[in-house]
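Spelled out from the first residue to the last, the chains are:
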Amino acid sequence: MLACMSEDEERPLLLLDCIGIYNVYGRYRNKGVPFLRYKGKNGYSNYYTTDYNELMEGNDNYVPDGIMGRVFIDNTKDNSLIAMAYYFNSKTKDHYYTNVLSELGMGKDDYEFIRLYYLYPDADGKTRLPLIRFFNEESQQHFYTSDATEAVKMQKDRFWQYEGTVGYLNLN
């Protein structure tokens with residue numbers, strides 16, 4: 001997860017502060033928009049969004065967990081980007097992101113197609129973070145991380161199956 005610290009580095013900034021810093025410079029069309037993760041208070045469900053206004057500083061079910069990296073809203077500035085489809089299952093409350101657009105098409109199996117985002121197809125060694133996907137059969141939830149340490153921890157957890165890298169988020 002990307003850290004966002006105050007100038008005195010004594011206190012972490014609220015997610016609103018991080019988004020505010022981001023918004024001072026506009027939408028960063030060439031760098032992407034923040035891909036935010038909120039942790040579920042129930043211990044297994046997480047919420048992912050690019051729209052801070054959806055949950056802001058959290059609610060009764062979710063608390064902010066930071067910016068995972070940045071995704072692109074369109075690919076008009078960089079044709080090397082790949083599409084990542086976002087689906088939501090309202091029955092299981094599962095968020096599903098995939099770069100295999102034929103997998104669920106415009107939605108199936110209770111998954112509703114929400115929108116497309118764009119990300120990089122490969123790492124560059126400096127400015128890109130992998131978006132790694134895991135699945136929990138018992139809870140029917142997907143989990144995403146861009147943090148290598150967290151990914152190793154998840155792979156050791158017998159409840160989570162590693163499903164691969166969806167693509168690469170922009171770090172800048």
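Residues numbered from 1 in each chain as written. Predicted model: local features only at pLDDT ≥ 70, side-chain atom pairs only at ≥ 80, totals over all residues. Heavy atoms only, no water.

## What about the confidence of the model for the protein chain?
Here is the rule we go by: Every residue carries a pLDDT, the predictor's confidence in it, which falls somewhere between 0 and 100. Secondary structure elements follow DSSP: runs of H or I no shorter than four residues count as helices, runs of E no shorter than two count as strands, and numbering proceeds from the N terminus.
With 83% of its residues at a pLDDT of 70 or more, the protein chain shows a mean pLDDT of 83. Ranking the elements of the protein chain by mean pLDDT puts helix α1 (residues 15-24) last, at 43, and strand β10 (residues 160-170) first, at 96.

## Structural notes on unusual backbone geometry
Threshold: With a 1.4 Å probe rolled over the protein chains alone, any residue whose accessible area is under 20% of its type maximum counts as buried; one over 50% counts as exposed, and the rest are partly exposed.
Phi at Asp109 is positive, roughly 50 degrees, even though this residue is not glycine. Classification of Asp109 by relative accessible area gives exposed; the value is 58%. Phi is positive for Gln140, close to 60 degrees, though the residue is something other than glycine. Relative to the helices and strands, Gln140 is located in the loop between β8 (128-136) and β9 (141-145).

## What to know about the side chain of Thr145
Selection rule: Pairing of N or O atoms within 3.5 Å defines a polar contact, subject to two protein rules: one partner must be a possible hydrogen donor and the other a possible acceptor, and residues neighboring in sequence count only if both atoms are side-chain atoms. Contact definition: two residues touch when any of their heavy atoms are within 4.5 Å.
By the secondary structure assignment, Thr145 is in strand β9. Given a relative accessible area of 0%, Thr145 falls into the buried group. Engagement of the side chain of Thr145 in a polar contact is seen with the side chain of Glu150, the distance being 2.4 Å. Other than its neighbours up to four places away in sequence, Thr145 contacts Arg37, Met68, Pro130, Leu131, Ile132, Phe134, Glu150 and Ala151.

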